[in-house]
Amino acid sequence: MKKIESLQNPIIKQVLLLQEKSRARTKLGLFVIEGKREITLAKKGGYAIESLFFLPEIMPDHELINLKTYGTEVVSISKEVYQKIAYRDSTEGVVAIAAVKPHELSTLKLSKNPLLLIAESPEKPGNIGALLRTADAAGVDAVIIANPRGDLYNPNIVRSSVGGLFTNQIATATSSEIISFLKQNAIDFYCATLQAASNYNLQDYTKPTAIVIGTEATGLSEPWRAASTQNIIIPMQGEIDSMNLSVAAAILIFEAKRQRGF
């Protein structure tokens, strides 16, 4: 078994580069995953695990045997190397490099009565991670990111999704491409916005449906508001006229699930 003890090793330098640079992730088509649960979910979700790095002092022998069944390169690393490449203390002694997946709209496999969550230009990796966790909890058909501002494999998204990046179908495209996709597939879409909106709980989400949310700062763009089946609003009783993106998404998605008998 290969063993790496030096921070100057080219493989370790590549791991660090993938963690730090979006350009490197895009060019190489690779990204970094930390933790047994996340790596297991990635494998289950069809991600190809390229390499596994483990710290013997933390990783039990029986867990190591399980990881070896992935049929990939398994590398023993020193404590110094592990502390350098592991972001969290709770990653259980294992870090992996995996290959990214395609995220075109054409890759989505939808049910006969799909429920989709769409977010336009979400800015904060933590919000994206939370949206993916919400989508996983609700069992939506897919999450679609319109006009993404970064790559999905940002380490902060990978970490904050707690595996939701791997359990959801995810696509990215422009707003116009997604609107066309929804219309072609006869999917009604309800846009969360203040303009010309009706209460969210007055709509029928039992048919093919997409819930669309925008950024906390600027909301949804005009093309979405103009093309929507219905603009919707979550009534609020306080002084503030907006709430956290993932909280709003959860309210709307779970209302749709409630109507569908969830």
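Conventions and cut-offs
Residues numbered from 1 in each chain as written. Predicted model: local features only at pLDDT ≥ 70, side-chain atom pairs only at ≥ 80, totals over all residues. Heavy atoms only, no water. Helix = DSSP H or I, 4+ residues; strand = E, 2+ residues; numbered from the N terminus. Rg over C-alpha atoms; globule rule 2.2 N^0.38 Å. Contact = heavy atoms within 4.5 Å. Areas by Shrake-Rupley, 256 points an atom, 1.4 Å probe, with all protein chains shown as cover. Polar contact = N/O pair within 3.5 Å; in protein donor to acceptor, adjacent residues only side chain to side chain. Axes fitted to C-alpha atoms, helices over the stretch in contact; angles between N-to-C directions. Parallel < 35°, antiparallel > 145°, perpendicular 65-115°, else oblique. Left-handed = near helix turned anticlockwise from the far one by under 90°. Pairing = 2+ DSSP bridges. Salt bridge = Lys/Arg side-chain N within 4 Å of Asp/Glu carboxyl O. Buried < 20%, exposed > 50% of the residue type's maximum accessible area, 1.4 Å probe, protein only. Arc of directions from axis to C-beta. Phe/Tyr/Trp six-rings, centres within 6.5 Å; stacked < 30°, edge-to-face > 60°. Lys NZ or Arg CZ within 6 Å of the ring centre and 35° of its normal.

**Here we look at the overall build of the chain**
Phase 1 of the analysis: Each helix and strand in the chain was counted, giving eleven helices and twelve strands.
Phase 2 of the analysis: Relative to its length of 262 residues, the chain is compact, with a C-alpha radius of gyration of 20 Å against a globular reference of 18 Å.
Phase 3 of the analysis: With the principal axes as the frame, the chain shows a C-alpha extent of 60 × 35 × 35 Å.
Phase 4 of the analysis: Restricting to contacts in the chain with at least 6 residues of sequence separation, those with at least 24 account for 76%.
Phase 5 of the analysis: When the accessible surface of the chain is split by element, carbon and sulfur atoms take 50% of a total near 12700 Å².

**A short note on the side chain of Ser121**
Phase 1 of the analysis: With respect to the helices and strands, the residue Ser121 is situated in the loop between strand 6 (115-120) and helix 6 (125-138).
Phase 2 of the analysis: A polar contact of 3.2 Å, which involves the side chain of Ser121, links it to the backbone oxygen of Asn147.
Phase 3 of the analysis: The contact partners of Ser121, leaving out residues within four places of it in the chain, are Ala146, Asn147, Arg149 and Thr215.

**Some thoughts on the packing of helix 6 against helix 11 (residues 245-259)**
Phase 1 of the analysis: It is the contact of helix 6 with helix 11, at a shortest axis distance of 9 Å, that shows an interaxial angle of 15°. Of the possible angle classes, the one that applies to helix 6 and helix 11 is roughly parallel. In this structure, helix 6 crosses over helix 11, and the sense of that crossing is right-handed. Contact residues: Asn127, Ala130, Leu131, Thr134, Ala137 and Ala138 in helix 6; Leu245, Ser246, Ala249, Ala250, Ile253, Phe254 and Lys257 in helix 11.

**Comments concerning the sheet that holds strand 2 (residues 30-34)**
Phase 1 of the analysis: Overall, mixed pairing links the five strands, which are arranged 1-4-3-5-2 in an open sheet. On the outer flanks of this sheet lie strand 1 (2-4) and strand 2, each paired with one strand and no other. Pairwise comparison of adjacent strand axes, ignoring direction, gives a mean angle of 25° for this sheet.
Phase 2 of the analysis: In terms of strand pairing, strand 1 meets strand 4 (residues 73-77) through three bridges, oriented parallel. Counterpart to Lys2 in the pairing with strand 4 is Val75.
Phase 3 of the analysis: In this fold helix 1 (residues 10-20) packs onto strand 1, strand 2, strand 3 (49-54) and strand 5 (94-99), with an angle of close to 90° to the strand it touches most, strand 2.

**Details of the pattern of salt bridges**
If charged atoms from side chains of opposite charge come close, those side chains can pair.
Phase 1 of the analysis: Within the structure shown, the criterion is met by eight salt bridges.
Phase 2 of the analysis: Note that Arg159 and Glu34 form a salt bridge whose closest N and O atoms lie 3.7 Å from each other. Residue Arg159 is located in helix 7 (residues 155-160), and its partner Glu34 is located in strand 2; the two are separated by 125 residues in the primary sequence.
Phase 3 of the analysis: For Arg159, a relative accessible area of 18% puts it in the buried group.
Phase 4 of the analysis: Exposure remark for Glu34: the relative accessible area of 5% places this residue in the buried category.

**Considerations on helix 3 (residues 36-44)**
Phase 1 of the analysis: Along helix 3, the positions that sit buried rather than exposed are Lys36, Glu38, Ile39 and Ala42. With its buried residues spanning 165° around the axis, helix 3 presents them on a single face. Exposed positions of helix 3 whose direction lies more than 90 degrees from the buried face are Arg37 and Lys44.
Phase 2 of the analysis: Of the residues one or two after helix 3, Gly46 is the one with positive phi, at around 90°.

**Digging into the environment of Lys109**
Phase 1 of the analysis: Mapping Lys109 onto the fold places it in the loop between strand 5 and strand 6.
Phase 2 of the analysis: Note on Lys109: relative accessible area 70%, which makes it exposed.
Phase 3 of the analysis: Between the C-alpha atoms of Lys109 and Thr215, which are 106 residues apart in sequence, the distance is 27 Å.

**A short note on the environment of Val247**
Phase 1 of the analysis: Within the secondary structure layout, Val247 lies in helix 11.
Phase 2 of the analysis: Sequence spacing of Val247 and Asn168 is 79 residues, and the spatial spacing of their C-alpha atoms is 18 Å.

**Quick notes on the packing of aromatic side chains**
Remark: the centre distance and the inter-plane angle together describe each pair of aromatic rings, the angle taken between the planes.
Phase 1 of the analysis: Tallying each qualifying case throughout the model produces eight aromatic pairs.
Phase 2 of the analysis: Relative to Tyr47, the ring of Phe31 has its centre 5.8 Å away and its plane inclined at 75°; by these criteria the two rings are edge-to-face. In this pair, Phe31 is assigned in strand 2 and Tyr47 in the loop between helix 3 and strand 3, connecting sequence segments 16 residues apart.
Phase 3 of the analysis: Here the aromatic residues Phe31, Tyr47, Tyr153 and Phe166 are joined through ring pairs into a cluster of three or more.
Phase 4 of the analysis: In this structure, Arg159 is placed above the aromatic ring of Tyr87, and the distance from its NZ or CZ to the ring centre is 3.4 Å.

**A word on the sheet that holds strand 9 (residues 188-192)**
Phase 1 of the analysis: The sheet built from seven strands is open, its strands ordered 8-7-6-11-9-12-10 with parallel pairing. Two strands bound the open sheet, and with one partner strand each, they are strand 8 (170-173) and strand 10 (197-199). Between one strand and the next, the sheet's axes are offset by a mean angle of 30°, whatever the strand orientation.
Phase 2 of the analysis: The pairing of strand 10 with strand 12 (residues 230-233) spans three bridges and is classified as parallel. Of the residues in strand 12, the one forming a bridge with Ser198 is Ile232.
Phase 3 of the analysis: Packing against the sheet, helix 9 (residues 175-184) makes contact with strand 6, strand 7 (142-146), strand 8, strand 9 and strand 11 (209-213), and its axis sits at approximately 145° to strand 7.
Phase 4 of the analysis: Along the sheet, helix 11 contacts strand 6, strand 9, strand 11 and strand 12; its crossing angle with strand 6, the most-contacted strand, is approximately 160°.

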